[in-house]
Amino acid sequence: MEMGGKKYLTCYNKIIRKERKKAMKKIILILIGVLFIQMISVSETKNYIEREESFYNEKAEKIYGKLFLPVEKAVKNKKYTTVIISHGFNGSAEYTSQFSKLLAKKGIASYVFEFRGGSMKTKSDMKMTEMSLFTEKKDLNDVLSHVEKLKEVDNRKIFLMGESQGGIVSAMSALELENRIKGLILIYPAFVIPESGRELYRTVEDIPDEITVFGAVIGKKYYMDIRELDIYKEIERYNGKVLIIHGDKDEIVPLKYSEKALFHYKDAELKVIPGAKHGFNPEEFEKAVNFSAEYIKKQIRK
């Protein structure tokens, strides 16, 4: 009976081990299935790869930036059509990343960055009191030089896109960079800035050392630098095709400033988004990106 008992226990243990192995296999298969579902979910909702791509200018000042690439399977060493996106006054790369994520769905790469002194919380160097449209133009020129070196970027298909203050800065930079870019997209560009600056401060002596604008503190340099700037006369020198996107309910930069630009650019198209204000909601972002993607496709065919 004792031997029979041992045989019984041995046989029982073998059965238990066998059943455990089956159970473990089932658990592993279930876990693999769950992981596979999660991977599908991620690929459907996150159609981009994002990485920090900051750099330093010739003065060893940091310019914070991020590169967004479309998620594509089995594509190696691909060079992408790329859009450099400039944020507005006191803005951030986080805000302009909303354009990037939607562009990635269209198979278009993008680079977002933060101007030196471009906001009260900028991740780039320099104080906001030292910033002006011209320091931002210099930054954008440096950004283009950096982006051109990135292995994922097709140098023949780089576009500038700017929103609000980033729009007028992009328009200014495009005059110098025309031979290095494929096109220019302006989102409610703040062409109002030079005019409003001259109206606010009739003389140089009237400009305070520090001014609070929309809760941000800027310096005298900001308004000093634009006293002689005639932006509409300047943009007449640009020869490329321009896409302007603007909302008809924008109270900060009224639509009329973009409508006026149509008469000064040699070749420009204005897309008006009904009901949109200064700063888009998700639906308006999508419309703006759809307009932009259509424009980009036409430009790269040329």
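Residues numbered from 1 in each chain as written. Predicted model: local features only at pLDDT ≥ 70, side-chain atom pairs only at ≥ 80, totals over all residues. Heavy atoms only, no water.

### Here we look at the overall build of the protein
- Looking only at helices and strands, the protein features nine helices and twelve strands.
- By the burial criterion, 47% of the 302 residues in the protein qualify as buried.
- Across the protein, every contact between residues at least 6 apart in sequence was considered, and the portion connecting residues at least 24 apart equals 71%.
- Carbon and sulfur atoms form 54% of the exposed surface of the protein, whose accessible area is close to 16,500 Å². (Helix = DSSP H or I, 4+ residues; strand = E, 2+ residues; numbered from the N terminus. Buried < 20%, exposed > 50% of the residue type's maximum accessible area, 1.4 Å probe, protein only. Contact = heavy atoms within 4.5 Å. Areas by Shrake-Rupley, 256 points an atom, 1.4 Å probe, with all protein chains shown as cover.)

### Details of the pattern of salt bridges
- Summed over all chains, the structure comprises 17 salt bridges.
- In this structure, Asp-139 and Arg-116 form a salt bridge, with 2.6 Å as the shortest nitrogen-oxygen distance. Highlighted residues: Asp-139 in helix H3 (residues 133–148) and Arg-116 in the loop between strand S6 (109–113) and H3, separated in sequence by 23 residues.
- For Arg-116, a relative accessible area of 7% translates into the label buried. (Salt bridge = Lys/Arg side-chain N within 4 Å of Asp/Glu carboxyl O.)

### Some thoughts on unusual backbone geometry
- Positioned with a positive phi, Ala-60 is a non-glycine residue whose angle comes to about 60°.
- Its place among the elements puts Ala-60 in the loop between strand S2 (55–56) and strand S3 (62–63).
- The phi dihedral of Met-126 is positive, around 90°, even though this residue is not glycine.
- With respect to the helices and strands, the residue Met-126 is situated in the loop between S6 and H3.

### Some words on the packing of aromatic side chains
- If you walk through the whole model with that rule in mind, you get 14 aromatic pairs.
- Taking the centre distance of 4.7 Å and the plane angle of 65° together, the rings of Phe-99 and Phe-285 count as edge-to-face. Here the residue Phe-99 occupies a position in helix H2 (residues 93–105), and Phe-285 occupies one in helix H9 (residues 282–301), the gap between them amounting to 186 residues.
- Aromatic pair Tyr-111 and Phe-113: ring centres 6.4 Å apart, planes at 20°, arrangement stacked. Neither residue differs from the other here; Tyr-111 and Phe-113 are each classed as buried.
- Pairwise contacts between aromatic rings join Phe-89, Tyr-201, Phe-214, Tyr-222 and Tyr-223 into one cluster. (Phe/Tyr/Trp six-rings, centres within 6.5 Å; stacked < 30°, edge-to-face > 60°.)

### As for H2
- With 13 residues, H2 extends 18 Å between its outermost C-alpha atoms, agreeing within 8% with the 18 Å of an ideal straight helix rising 1.5 Å per residue.
- Two residues or fewer past H2, Gly-107 is found with a positive phi of approximately 80°. (Expected span 1.5 Å × (residues − 1).)

### Side note on the packing of H2 against H9
- Here H2 crosses H9 at 55°, and the two axes come no closer than 10 Å. Judged by the inter-axis angle, H2 sits oblique to H9. Like other packed secondary-structure pairs, H2 and H9 cross with a definite hand, here right-handed. On H9, the residues touching Tyr-95, Gln-98, Phe-99, Leu-102 and Leu-103 of H2 are Phe-285, Glu-286, Ala-288 and Val-289.
- Of the residues contributing to the contact of H2 with H9, the split by class is seven nonpolar, one polar and one charged. (Axes fitted to C-alpha atoms, helices over the stretch in contact; angles between N-to-C directions. Parallel < 35°, antiparallel > 145°, perpendicular 65-115°, else oblique. Left-handed = near helix turned anticlockwise from the far one by under 90°. Nonpolar A, V, L, I, M, F, W, Y, C, P; charged D, E, K, R; others polar.)

### Details of the confidence of the model for the protein
- Looking at the protein as a whole, the pLDDT averages 88, with 84% of positions reaching at least 70.
- In the model, residues 26–44 has pLDDT below 50 throughout and makes zero contacts with residues more than four positions away in sequence or in other chains. (pLDDT = per-residue confidence, 0-100.)

### Thoughts on the environment of Phe-191
- Inspection of the secondary structure assignment puts Phe-191 in the loop between strand S8 (183–187) and helix H5 (193–200).
- When the C-alpha atoms of Phe-191 and Ala-261 are compared, they prove to be 8.4 Å apart, with 70 residues separating the residues in sequence.
- Dropping the residues within four chain positions of it, Phe-191 is found in contact with Ile-168, Ala-171, Leu-186, Ile-231, Tyr-232, Tyr-257, Ala-261 and Tyr-265.

### Here's the deal with the pairing of strand S7 (residues 153–163)
- Across the eleven residues that make up S7, a large majority, eight, are buried.
- Two elements, strand S5 (residues 80–86) and S7, share six bridges in a ladder whose sense is parallel. Directly across from Ile-84, in S7, lies its bridge partner Leu-160.
- Pairing of S7 with S8 involves five bridges; the strand directions are parallel. Its bridge partner lying in S8, Leu-160 is registered against Leu-184. (Pairing = 2+ DSSP bridges.)

### Looking at the side chain of Thr-135
- Within the secondary structure, Thr-135 sits in helix H3.
- If sequence neighbours within four positions are ignored, Thr-135 has contacts with Arg-116, Met-126, Glu-130 and Lys-221.

### Considerations on the nonpolar core
- Formed by 58 residues in total, the largest nonpolar core has its most connected members in Ile-84, Leu-133, Phe-191, Ile-218, Tyr-223 and Tyr-265.
- Per-element accounting of this core gives the leading share, seven residues, to helix H4 (residues 165–177).
- One finds Tyr-48, Ile-85, Ala-93 and Ile-108 within the second-largest nonpolar core, a separate group that totals 28 residues. (Core = buried A, V, L, I, M, F, W, Y, C linked by side-chain atoms within 4.5 Å.)

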